[in-house]
Amino acid sequence: MNCYILSFDEIGNIEIGYLTSLESLKNIPFDIKRVYYTYDVPVKIKRGFHSHKKLEQVLICVNGSIKVKCFDGQEEKVYLLDKPNEGLYIGPMIWREMYDYAENTVLMVLASELYDEDDYIRDYEKFISYFKK
Ligand code: T46
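Report on the accompanying structure. (Residues numbered from 1 in each chain as written. Predicted model: local features only at pLDDT ≥ 70, side-chain atom pairs only at ≥ 80, totals over all residues. Heavy atoms only, no water.)

On to the site of the ligand, then. The local shell around the ligand holds 13 residues, among which Arg-34, His-52, Gln-57, Arg-96 and Tyr-120 are the closest. Here an oxygen atom of the ligand sits 2.9 Å away from a polar atom, N or O, in the main chain of Gly-48. Within the side chain of His-50, one N or O atom sits 3.4 Å away from an oxygen atom of the ligand. Protein contact buries 69% of the 650 Å² of open area that the ligand shows by itself. (Near = heavy atom within 4 Å. Polar contact = N/O pair within 3.5 Å; in protein donor to acceptor, adjacent residues only side chain to side chain. Areas by Shrake-Rupley, 256 points an atom, 1.4 Å probe, with all protein chains shown as cover.)

Written as structure tokens, this is what we have:
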């Protein structure tokens, strides 16, 4: 499955705190064209429920925790994001669902392209139909 966890270096120590730096084509495997984040998501809410045709993204839970279910048409995996120095890379054509938001969760996402609604597949049956061709 074209999803995997990235571990980022933490600079600092327990006395002064930590800093993590993210750089295009270094510890992020694509050129970052967009950054967005979600916050104040009620704990019972589930988000996502779509795939992207071409977009690559890295999801980083900079505060709190969430679970992300990924499905590539064959295999399903659930990732727990609960560390600011860890990211989840999600390649194209992966159905994703985010749930189990802890209070005050901030999910920051780095994206390989500018926002384009035409890149989304928001209909599950349509997503599945891509694998039947
Ligand atoms: C993803 C997960 C992890 C914009 O106008 N600009 C943007 O850059 C984005 C990402 C969204 N939007 C609009 C589109 C919708 O009207 O914001 C609204 C909420 O977006 P959406 O329902 O897609 O949000 P999530 O949290 O379900 O999904 C988002 C990303 O859209 C998606 O690419 O992989 O985060």
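Now that the structure is up, let's keep going.
Within the largest apolar cluster, 16 residues are counted, with the highest numbers of intra-cluster contacts made by Leu-59, Ile-66, Val-68, Cys-70, Leu-81, Leu-88 and Ile-90. Those elements that provide at least two residues to this core are β6 (57–63), β7 (66–71), β8 (76–81), β9 (86–90) and β11 (106–111). With three residues, β7 is the largest single contributor of residues to this core. Not counting the four nearest positions on each side in its chain, Cys-70 is found in contact with Met-1, Cys-3, Glu-75, Glu-76, Lys-77, Tyr-79, Leu-88, Ile-90, Ile-94 and Trp-95. Membership of the second largest hydrophobic core comes to nine residues, among which are Ile-28, Phe-30, Tyr-89 and Leu-110. (Core = buried A, V, L, I, M, F, W, Y, C linked by side-chain atoms within 4.5 Å. Buried < 20%, exposed > 50% of the residue type's maximum accessible area, 1.4 Å probe, protein only. Helix = DSSP H or I, 4+ residues; strand = E, 2+ residues; numbered from the N terminus. Contact = heavy atoms within 4.5 Å.)

Quick look at the sheet that holds strand β10 (residues 95–99) now. Read from one edge of the open sheet, five strands run β8-β7-β10-β5-β12, paired in antiparallel fashion. Both outer strands of the open sheet, β8 and β12 (120–121), are each paired with one neighbouring strand and no more. (Pairing = 2+ DSSP bridges.)

All right, on to the pattern of salt bridges then. One side chain can pair with another of opposite charge once the charged atoms of both are near each other. Taken as a whole, this structure holds six salt bridges when the rule is applied. Linking Lys-33 and Glu-113 is a salt bridge whose minimum nitrogen-to-oxygen distance equals 3.3 Å. In this pair, Lys-33 is assigned in the loop between β3 (17–19) and β4 (34–38) and Glu-113 in the loop between β11 and β12, connecting sequence segments 80 residues apart. On the accessibility criterion, Glu-113 (36% relative accessible area) is partly exposed. The shortest N-O distance in the salt bridge between Arg-122 and Glu-117 comes to 2.7 Å. Note on Glu-117: relative accessible area 35%, which makes it partly exposed. (Salt bridge = Lys/Arg side-chain N within 4 Å of Asp/Glu carboxyl O.)

Within the secondary structure, Ser-112 sits in the loop between β11 and β12. The buried category is assigned to Ser-112, whose relative accessible area is 6%.

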